[in-house]
Structure formats: structure tokens, C-alpha cells
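Analysis of the macromolecular model
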Amino acid sequence: SESRLHPCHDYEKDLFLKMNATVAPFIPGLSSLLQRLQADEVSITSVDLGGLCIEDSAATLLSAALVHNRHLKHLQLQQNEIGPVGAAQLSLLVHSHSLVTLNLESNNLGRHGATLIAEALRHNSSVTHLCLDFNLICDEGATQLATSLGENNHLTHIGLAGNDLSDATALALAQALERNSELKHLDLDCNRVSDTGAFALIHALPRHTTLHTLSLQGNGIRGQGCVQIGRLLKCCPPPPWFQLLGVEFETYKTELQLPFCFSTGKNKSILTKMFPGASKSYWTNDKVFQFWREQLQELNALFLAFCMGLHPRLGATSSAFMLEHVADYNGELPLVRAIYNSLQL
């Protein structure tokens with residue numbers, strides 16, 4: 001379709017032209033890009049302005065150019081110098097625009113800028129990916145984002161790494177997860193979340209089954225914190241697609257009653273059959289979760305077999321009958337099959 005300028009008020013047009021003449025010459029190619037964005041060219045759906053030392057004035061200019069733009073979907077503004085003033089203009093853009101991705105990693109938004117963007121997210125139904133890593137938004141800004149997350153069921157990815165966040169943010173996010181049904185990736189790397197905050201987030205998982213990745217790397221979660229989180233997940237193992245980063249269970253396999261892994265020896269084949277969730281040399285989190293899911297599956301089968309043996313309509317209550325139906329309940333039970341196979345060797 002033919003590109004054309006959208007009608008706008010004279011004040012908006014004059015402001016745009018004035019700022020374009022003042023700011024754009026310092027960033028090569030920005031003046032031409034802004035004119036094309038204001039014209040809403042169909043071909044421009046993604047813009048990357050990362051690492052160009054863009055400050056609040058240029059961010060304001062960019063926001064003004066996008067007032068009537070409806071084709072831009074992905075805006076990358078990482079590693080710039082945008083502060084609260086620029087964030088205020090971008091929040092207006094989030095409120096009214098159809099952006100899908102907004103990357104503001106490594107800027108200077110601060111708690112006030114994050115609060116403005118959080119407020120805009122409450123009324124937004126298009127943004128799915130938001131990155132606010134390394135912006136010093138602190139707990140005040142992050143808790144406001146958590147509140148918005150509880151009301152926004154469109155955001156799927158949010159990055160909050162390196163923002164000096166504590167358990168207050170983790171607890172607020174845990175509450176938000178109980179009301180949110182769409183978030184898939186939550187990045188809290190390099191913050192100050194302790195065992196308490198991590199436990200609260202894990203405790204919310206059964207009520208938020210769509211989360212694919214929870215990253216807590218660089219938060220120093222170890223020792224009894226790992227053990228408590230492991231015991232919670234053992235009782236209610238996460239789905240196969242879930243990834244937990246920053247909490248390692250390998251060091252605490254004794255406390256979590258994980259079988260030791262053997263890579264050599266005459267019993268290697270038997271052990272690997274009996275414990276298919278175990279790595280040959282290392283318990284990765286995904287294998288731990290797999291092992292716990294299989295354990296829970298076996299317990300469910302045993303419970304069902306027990307109930308079947310006690311049911312008077314079945315006409316049998318012997319232990320042999322119950323054990324027979326444990327195997328018959330599901331011939332594909334990994335642990336039952338492995339134990340059976342090991343006994344045949």
C-alpha cells in the first residue's frame with residue numbers, strides 16, 4: 001500500500017520538526033528513520049537503536065514519531081541512556097501503541113520510570129516481551145510491575161535481571177502469578193532474592209502451570225534453601241517443559257534422597273534401568289524433575305492398585321492381586337518396568 005503521512009495537529013507536527021532538527025543530527029540516520037516511522041511505512045516492523053547513547057530527548061522524539069504508527073512491532077532500545085523522562089514518553093507509547101516487543105535493557109529508568117511503564121501495561125493488550133534488565137528499578141518499581149502483571153494476561157516474557165530486587169519483589173511476583181495465566185518466562189538473575197523469595201515463587205507454580213522458565217541465577221540460593229525448594233517440587237513435580245535456573249539440586253542429592261549416579265561398574269546397566277532419571281555423572285534439574293514425576297506416577301499406581309484390591313466388587317483382596325495390578329495398571333511405568341527388567345538379569 002502507498003505510504004502517506006497521517007494527519008496530526010499542527011502543534012504535534014511543529015514539535016516533531018523542531019526536535020528532529022535539534023536531536024536527530026547527532027545520531028546518524030535517525031532523522032530519516034523518524035520521518036519514515038511517522039509516515040507509518042508498512043515495511044518497517046522492527047527497529048533496533050541499541051547502543052546509540054539515546055537520551056530522554058531522543059526518546060521523546062521517537063515516541064512522537066510513533067504516535068500514529070501502527071506497523072512497528074519490535075522496538076529495541078537497549079544499552080542507551082534513557083531516564084525517567086524518556087520512560088514517561090515511552091509509557092504513553094505502550095499505553096496506545098500496538099508494540100509486541102519493547103527492550104529497554106541497560107538504561108537509567110529507575111523506580112519512577114518503571115512505575116510509569118507498569119501503569120501503562122495495565123491498559124495494554126499487545127506487548128508480550130518486555131525487558132527491563134539493569135535499570136535500577138529497585139523493589140518499588142518492580143512491585144508496581146508485579147501488580148500490573150496480575151492484571152495483564154498478554155505479557156509472556158519479562159526480564160528484571162540486575163535491578164537490586166529483594167524478597168519483596170519475589171513475594172509480589174508470586175502473588176501475581178496466582179492471578180496471571182500467560183507468563184512463560186521470568187528472569188530475576190543477579191538480584192538479592194533469598195531462599196524465602198525463591199520458595200514463594202516455586203510455591204506459586206501449581207497455580208501457574210504455563211511458566212516455562214524461572215531464572216534465579218546469581219541470587220546465591222543454596223544450602224537449606226535448595227533443599228526446601230527441592231522437597232516442595234518433589235511433592236508436586238513441575239511439568240516437563242519447566243526450567244529452573246539458579247537452583248542446583250546435584251549438591252544436595254543425599255538430603256533430597258536422590259540415588260547416586262554410577263558411570264562404571266558391573267551394576268551400571270541395572271542401576272540405569274532402575275533409575276532412568278539419573279544422569280551418568282550429574283543430576284541436572286530436568287532429570288531430577290523427571291525422576292520425581294516417575295516416582296509420583298509409581299506412587300499413584302500403587303495407590304490405585306491398593307484401592308482396586310480393597311474394592312468389594314472386584315472379588316479379591318489378596319496382596320498378590322494388588323501387586324499384579326500394579327504392573328497391569330500401566331505397562332509403560334518407567335520405574336516398574338526398570339525394576340522388572342533388572343530382576344530378570
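Just so it is clear, the structure is predicted and the values come from calculations on it, not from any experiment.

Another point: the overall build of the protein chain. From N to C terminus, the protein chain includes 13 helices and eight strands. Here the protein chain holds 345 residues, and the buried ones make up 46% of them. The long-range fraction of contacts in the protein chain, counting pairs at least 24 apart against all pairs at least 6 apart in sequence, stands at 79%. Accessible area of the protein chain: about 17,100 Å², with a carbon and sulfur share of 56%.

Between helix H5 (residues 110-121) and helix H6 (residues 138-151), the shortest axis-to-axis distance is 8 Å and the interhelical angle comes to 5 degrees. What the angle tells us is that H5 and H6 run roughly parallel. Within the contact between the two elements, H5 uses Arg 111, Ala 114, Thr 115, Ala 118, Glu 119 and Leu 121 and H6 uses Cys 138, Glu 140, Gly 141, Gln 144, Leu 145 and Ser 148.

The subject of this paragraph is the pattern of salt bridges. In the structure shown here, the tally under the stated rule is six salt bridges. A salt bridge links Arg 122 to Glu 119, with the shortest nitrogen-to-oxygen separation between them at 3.8 Å. Ionic pairing is found between Arg 207 and Glu 178, a salt bridge with its closest N-O pair at 3.1 Å. One end of the pair, Arg 207, is in the loop between helix H8 (195-203) and strand S7 (213-215); the other, Glu 178, is in the loop between helix H7 (167-177) and strand S6 (185-187), with 29 residues separating them in the sequence.

Right, let's talk about empty space enclosed by the protein for a bit. Over the atoms rolls a probe the size of a water molecule, and its path tells where empty space is left. A full pass over the atoms with the stated rule returns one cavity of 30 Å³ or more. Approximately 40 Å³ is the volume found for the largest cavity. At three residues, the largest contribution of residues to the lining of the largest cavity is made by H6. Taken together, the residues that form the lining of the largest cavity break down as five nonpolar, two polar and no charged.

Take the sheet that holds strand S3 (residues 101-103) next. Across the sheet, which stays open at both edges, the eight strands sit in the order S1-S2-S3-S4-S5-S6-S7-S8 with parallel pairing between neighbours. In the strand order of this sheet, the two ends are held by strand S1 (46-48) and strand S8 (243-245), each with one partner. Adjacent strand axes in the sheet meet at a mean angle of 5 degrees when their direction is disregarded.

With that settled, consider H8. Those residues of H8 not exposed but buried are Gly 197, Ala 198, Ala 200, Leu 201 and Ile 202. Buried residues along H8 sit in contact with H7, S6, S7, helix H9 (224-235) and S8.

On to the nonpolar core. Ranked by size, the top nonpolar core spans 79 residues in total, and within it Leu 75, Leu 201 and Leu 244 carry the most contacts. Element by element, the count of residues in this core is highest for H7, at six residues. Aside from chain neighbours lying at most four places away, what touches Leu 75 is Val 47, Leu 62, Leu 66, Leu 93, Leu 99, Thr 101, Leu 102 and Asn 103.

With that out of the way, let us pick up the packing of H6 against H7. At a minimum axis distance of 8 Å, the contact between H6 and H7 shows a crossing angle of 5 degrees. Our classification of the angle between H6 and H7 gives roughly parallel. Taking contact as the criterion, the partners of Asp 139, Ala 142, Thr 143, Ala 146, Leu 149 and Gly 150 in H6 are, on H7, Ala 168, Thr 169, Ala 172, Leu 173 and Ala 176. Partitioned by chemical class, the residues of the contact of H6 with H7 number seven nonpolar, three polar and one charged.

Across all of its chains, the model carries five aromatic pairs by this definition. Ring centres 6.2 Å apart and planes at 40 degrees place the aromatic pair Phe 242 and Phe 289 in the tilted group. Of this pair, Phe 242 sits in the loop between H9 and S8 while Phe 289 sits in helix H11 (residues 285-310), placing them 47 residues apart in sequence. With respect to class, Phe 242 is no different from Phe 289; both count as buried. Members of the aromatic cluster, connected to one another through ring pairs, are Phe 242, Phe 249, Phe 289 and Trp 292.

You can see Leu 30 is positioned in helix H2 (residues 30-38). A C-alpha to C-alpha distance of 9.1 Å links Leu 30 and Leu 49, two positions 19 residues apart in sequence.

On to the environment of Gly 220, then. Looking at where Gly 220 falls in the secondary structure, it is placed in the loop between S7 and H9. You can call Gly 220 partly exposed: its relative accessible area is 39%. As a C-alpha pair, Gly 220 and Asp 195 span 25 residues in sequence and 8.6 Å in three-dimensional space.

Once that is clear, we can look at unusual backbone geometry. Of note in this structure, Ser 106 is not a glycine but carries a positive phi near 55 degrees. Tracing the backbone shows Ser 106 in the loop between S3 and H5. Here Ser 106 falls in the partly exposed class, since its relative accessible area comes to 25%. Its identity is not glycine, yet Cys 190 carries a phi of approximately 55 degrees, on the positive side.

Further remarks concern the environment of Ile 82. Mapping Ile 82 onto the fold places it in the loop between strand S2 (74-76) and helix H4 (84-96). Sequence separation between Ile 82 and Asn 108 is 26 residues, and the spatial gap between their C-alpha atoms is 5.5 Å. Excluding its chain neighbours within four sequence positions, the residues that come into contact with Ile 82 are Ile 54, Glu 55, Asp 56, Ala 59, Leu 77, Ala 87, Leu 90, Leu 104, Asn 107, Asn 108 and Leu 109.

Cut-off values and rules
- Residues numbered from 1 in each chain as written.
- Predicted model: local features only at pLDDT ≥ 70, side-chain atom pairs only at ≥ 80, totals over all residues.
- Heavy atoms only, no water.
- Helix = DSSP H or I, 4+ residues; strand = E, 2+ residues; numbered from the N terminus.
- Buried < 20%, exposed > 50% of the residue type's maximum accessible area, 1.4 Å probe, protein only.
- Contact = heavy atoms within 4.5 Å.
- Areas by Shrake-Rupley, 256 points an atom, 1.4 Å probe, with all protein chains shown as cover.
- Axes fitted to C-alpha atoms, helices over the stretch in contact; angles between N-to-C directions.
- Parallel < 35°, antiparallel > 145°, perpendicular 65-115°, else oblique.
- Salt bridge = Lys/Arg side-chain N within 4 Å of Asp/Glu carboxyl O.
- 1 Å grid on protein atoms, 1.4 Å probe; cavity = no way out; pocket = protein on both sides within 12 Å on 5 of 7 lines; lining within 4 Å.
- Points joined across faces, edges and corners; volume = space filled by probe spheres on them.
- Nonpolar A, V, L, I, M, F, W, Y, C, P; charged D, E, K, R; others polar.
- Pairing = 2+ DSSP bridges.
- Core = buried A, V, L, I, M, F, W, Y, C linked by side-chain atoms within 4.5 Å.
- Phe/Tyr/Trp six-rings, centres within 6.5 Å; stacked < 30°, edge-to-face > 60°.

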